[in-house]
Amino acid sequence: MDTNLRKRIRAGDHDAFGALFDAYARSVYNHAFRLTGEWTTAEDVVSLTFLDAWRLRDRLDEEGGSLHPWLLGIATNVTRNSRRAARRHAAAVARLPRDETVRDFADEVAGRLDDTAQLALVRTALAKLWRAEREVLALCVWSGLDYAAAAEALGVPVGTVRSRLSRARTKLAKHMEPPHPHGQMRGDRTTAVRPIREGNR
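For every chain, the first residue of the written sequence is number 1, and numbering continues from 1 along that sequence. At least 70 in pLDDT is required for a residue's local features to be given in this predicted model, at least 80 for side-chain atom pairs to be given and counted, and no such filter applies to totals for whole chains, interfaces and linings, which use all residues. The basis for every side-chain value is the complete set of non-hydrogen atoms in the structure, without hydrogens or water.

**Regarding the packing of aromatic side chains**
Here a Phe, Tyr or Trp ring, Trp counted by its six-membered ring, pairs with any other such ring whose centre lies within 6.5 Å, and the pair is stacked when the planes are under 30 degrees apart, edge-to-face when over 60, and tilted otherwise. Tallied over the entire structure, the rule returns four aromatic pairs. Note on Phe17 and Phe50: the rings are 6.2 Å apart at their centroids and 85 degrees apart in plane angle, and the pair reads as edge-to-face. With Phe17 in helix H2 (residues 14-36) and Phe50 in helix H3 (residues 39-55), the pair connects residues that are 33 residues apart, well separated along the chain. Per residue, the accessibility class of Phe17 equals that of Phe50, and both read buried. Every member of this aromatic cluster is reached through a ring pair, and the members are Phe17, Phe21, Phe50 and Trp54. In this structure, Arg57 is placed above the aromatic ring of Trp54, and the distance from its NZ or CZ to the ring centre is 3.9 Å. Per the convention used, a helix needs a DSSP run of H or I reaching at least four residues, while a strand needs a run of E reaching at least two, with both numbered from the N terminus. Each residue is assigned to one of three classes by its accessible area relative to the maximum for its type, calculated with a 1.4 Å probe on protein chains only: buried under 20%, partly exposed between the two thresholds, exposed over 50%. Any Lys NZ or Arg CZ found within 6 Å of a ring centre and within 35 degrees of that ring's normal is scored as a charge over the ring.

In structure tokens, the structure reads:
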């Protein structure tokens, strides 16, 4: 089925591309959200990912397995570019003269909704990882790709995926400790860092 779908997509079949979107849009969204932590950015990444996938369809091999790694690889690149653009925009805004304005109440509400100890702990821990480590963690642990599929998505050797994932797990285990005795229990973090058995995802 995947081989037939690949051929149809390469040929510019809109129905086949629609089927691809239906099958993987949610997975792409979840992957983008895990990398960015922002719902609106993740939505933009989904749109740009499938736009790029359509533009790059003639580079897709006709033979092969699931298109999931291919799409997540594109989404990872789109996320990188989006984050770079956001940093440039933020730097440009920071250089503008500042006027005294009334604080936006909506921002305060959104901040309170997100202000939980667990979310803060996870974000802090993830922020301490290198970008490449976050990407491998998102692909292997959260998106469920095995080492080979993650390597395909990122365009790196399988050994690189293994080493990055190992470093990411070690760092997370170190930084996921709660800031006080009544915070997250030690056992809660195991689902995020437990080893993956290659081939069973």
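**A closer look at the environment of Glu133**
Position of Glu133 among the secondary structure elements: in helix H7 (residues 131-142). For Glu133, a relative accessible area of 1% puts it in the buried group. Expressed as a C-alpha distance, the spacing of Glu133 and Ser163, which sit 30 residues apart in the sequence, is 9.1 Å. Dropping the residues within four chain positions of it, Glu133 is found in contact with Arg164, Arg167, Ala168 and Lys171. Working rule for contacts: check all heavy atoms of both residues, and any pair within 4.5 Å makes them a contact.

**Regarding the pattern of salt bridges**
Oppositely charged side chains may form a pair once their charged atoms are brought near each other. Only one rule defines a salt bridge in this text: a Lys or Arg side-chain nitrogen within 4 Å of an Asp or Glu carboxyl oxygen. Enumeration over the complete set of coordinates arrives at seven salt bridges. Close ionic contact of Arg131 with Glu135 constitutes a salt bridge, the shortest N to O distance being 3.4 Å. Of this pair, Arg131 and Glu135 both sit in helix H7, four residues apart, roughly one helical turn. By relative accessible area, Arg131 is classed as partly exposed at 42%. A salt bridge links Arg167 to Glu133; its shortest N-O distance comes to 3.2 Å. A residue pair is termed long-range when its members are at least 10 positions apart, and Arg167 in helix H9 (residues 158-175) and Glu133 in helix H7 qualify at 34 residues. Classification of Arg167 by relative accessible area gives partly exposed; the value is 41%. Through salt bridges with shared partners, a single network forms among Arg80, Arg131 and Glu135.

That is the geometry; function is a separate question.
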